[in-house]
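So you can see what is in the structure, the chains are spelled out below.
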Amino acid sequence: MSEAAGRLFDGAGVDPEEVAKFEAMAAEWWDPDGKFRPLHAMQPCRLGYAVDAIAVAHERDPRVRRSLAGLSLLDIGCGGGLLSEPMARLGANVTGIDPAAGNIAVARLHAEQSGVEIDYREVRAEDLLAEGCRFDVVLSMEVVEHVPDPAAFVATCAGLLAPGGVMIVSTISRTLKAMALAKIGAEYVLRWLPVGTHDWRRFVRPEELTEMLAKAGLEPVDASGFVFDPLASAWHVSDTDLSVNYVIAARKPA
């Protein structure tokens, strides 16, 4: 392992084995029928939730074409840029970070081909915090379940948020239903994900994540579920069902 790579892995927010998993799949980020098919299917749901939450926090109209204009946004664990690009098109000044070099390479190439300006960096959240960086919006979508110390990671993310800013975190709850659907069903039965993508023991319950956010100095303002409807073959936001995939929006007091 190189010295640079070792530095990336030296922190509570990065697990080298998890990075290696996604590094191996980097080329498939933008293939809607590839290994990231579940994220593509969930994209309208999670993107819509994030835009609405940001609009409420920063008093914007989400119906406006560039509703996020002027806002600085950090996408932690950006992968190939599935969320970074639409946020940039909505006007946000986007910084996307990921410890996997392959992910950043794919994200940069796709953004260039799409004519979207995004500052992609192969760094850790801890590195930006040490630099004193602050953002109006921090996204950490489908990342918490892959880090070795979720509480420390959440605290780092919160430290990157400017006063009055909003942080949006989505992950998977540690329930038997999540074990059946998000782990066994998605990996072994439906083959939506490669076997070993998730470790059920690392899933975080909503009440646990809420407590982590509060201890990090943030005020959770909403918790919702991302629920898959097999009849409609589509995802939707639920106010009540947080038993598998869910998202929490939290504000930093001004």
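Predicted model, so just to flag it, every value in this text is computed and none were measured.

Draft legend 1. Spatial organisation of helix α9 (residues 206–215). Those residues of α9 lying buried are P206, L209, M212 and L213. The buried residues of α9 occupy an angular sector of 125° when projected down its axis, which confines them to one face. Check the buried side of α9 and you find it contacts α7 (150–159), β5 (161–172), β6 (219–229) and β8 (245–251).

Draft legend 2. Spotlight on the sheet that holds strand β2 (residues 93–97). One open sheet holds the eight strands; their spatial order is β3-β2-β1-β4-β5-β8-β6-β7, and the pairing between them is mixed. One side of each edge strand has no neighbouring strand; the edge strands of this open sheet are β3 (119–121) and β7 (234–238). Direction aside, the axes of adjacent strands within the sheet are offset by 15° on average.

Draft legend 3. Up close: the pattern of salt bridges. In total, this model carries ten salt bridges according to the counting rule given. For E28, the salt bridge goes to K35, with nearest N and O atoms at 2.9 Å. You can call E28 partly exposed: its relative accessible area is 23%. Where R46 meets E142, a salt bridge forms, and the shortest distance between an N and an O atom there is 2.3 Å. Here R46, found in helix α3 (residues 37–57), pairs with E142, found in the loop between β4 (135–141) and α7; they are 96 residues apart in sequence, far enough to count as distant. Among the residues examined, R46 registers a relative accessible area of 4% and is labelled buried. Judged by its relative accessible area of 16%, E142 falls in the buried class. Overlapping salt bridges bring together D119, R121 and E131 as one network.

Draft legend 4. The arrangement of the nonpolar core in detail. Residues I54, L73, M87 and I168 are the most contacted members of the largest nonpolar core, which totals 34 residues. Of all the secondary structure elements, the ones that give two or more residues to this core are α3, α4 (84–89), α5 (101–114), β4, β5 and β8. Leaving out residues up to four positions away in the same chain, L73 has contacts with I54, M87, A92, N93, V94, T95, F135, V137 and L139. One finds I76, V143, V204 and L209 within the second-largest nonpolar core, a separate group that totals 29 residues.

Draft legend 5. Highlighting the pairing of β5. Most of β5 sits out of view: eleven of its twelve residues are buried. In this sheet, β5 lies alongside β4 in parallel orientation, the contact comprising six bridges. Each residue of the ladder has a partner; that of F135, found in β5, is L161. Crossover connection from β4 via α7 to parallel β5: handedness right-handed. Across seven bridges, the pairing between β5 and β8 is antiparallel. The residue of β8 that forms the bridge with M167 is A250.

Draft legend 6. Looking closely at α7. Burial analysis of α7 places seven of its ten residues in the buried class, the great majority of the element. Among all positions of α7, only P150, F153, V154, T156, C157, A158 and G159 are buried.

Draft legend 7. Looking closely at the pairing of β8. Within β8, six of the seven residues are buried, which leaves the element mostly enclosed by the surrounding structure. In terms of strand pairing, β6 meets β8 through seven bridges, oriented antiparallel. Residue P220 lies in a different strand from β8, and its bridge partner there is A250.

Draft legend 8. Summary view of unusual backbone geometry. For E142, which is not glycine, the phi dihedral falls at a positive 60°. Residues other than glycine seldom take positive phi values, yet S233 does so here, at roughly 55°. Position of S233 relative to the elements: it lies in the loop between β6 and β7. Note on S233: relative accessible area 56%, which makes it exposed.

Draft legend 9. Seen up close, the side chain of S224. With respect to the element layout, S224 can be found in strand β6. A polar contact is formed between the side chain of S224 and the side chain of D222, at a distance of 2.9 Å. When near neighbours in sequence (up to four residues on either side) are disregarded, S224 contacts Y49, V237, S238, D239, L242, Y246 and V247.

Definitions and cut-offs
Residues numbered from 1 in each chain as written. Predicted model: local features only at pLDDT ≥ 70, side-chain atom pairs only at ≥ 80, totals over all residues. Heavy atoms only, no water. Buried < 20%, exposed > 50% of the residue type's maximum accessible area, 1.4 Å probe, protein only. Helix = DSSP H or I, 4+ residues; strand = E, 2+ residues; numbered from the N terminus. Arc of directions from axis to C-beta. Contact = heavy atoms within 4.5 Å. Pairing = 2+ DSSP bridges. Axes fitted to C-alpha atoms, helices over the stretch in contact; angles between N-to-C directions. Salt bridge = Lys/Arg side-chain N within 4 Å of Asp/Glu carboxyl O. Core = buried A, V, L, I, M, F, W, Y, C linked by side-chain atoms within 4.5 Å. Right-handed = clockwise from strand over helix to strand, strands pointing away. Polar contact = N/O pair within 3.5 Å; in protein donor to acceptor, adjacent residues only side chain to side chain.

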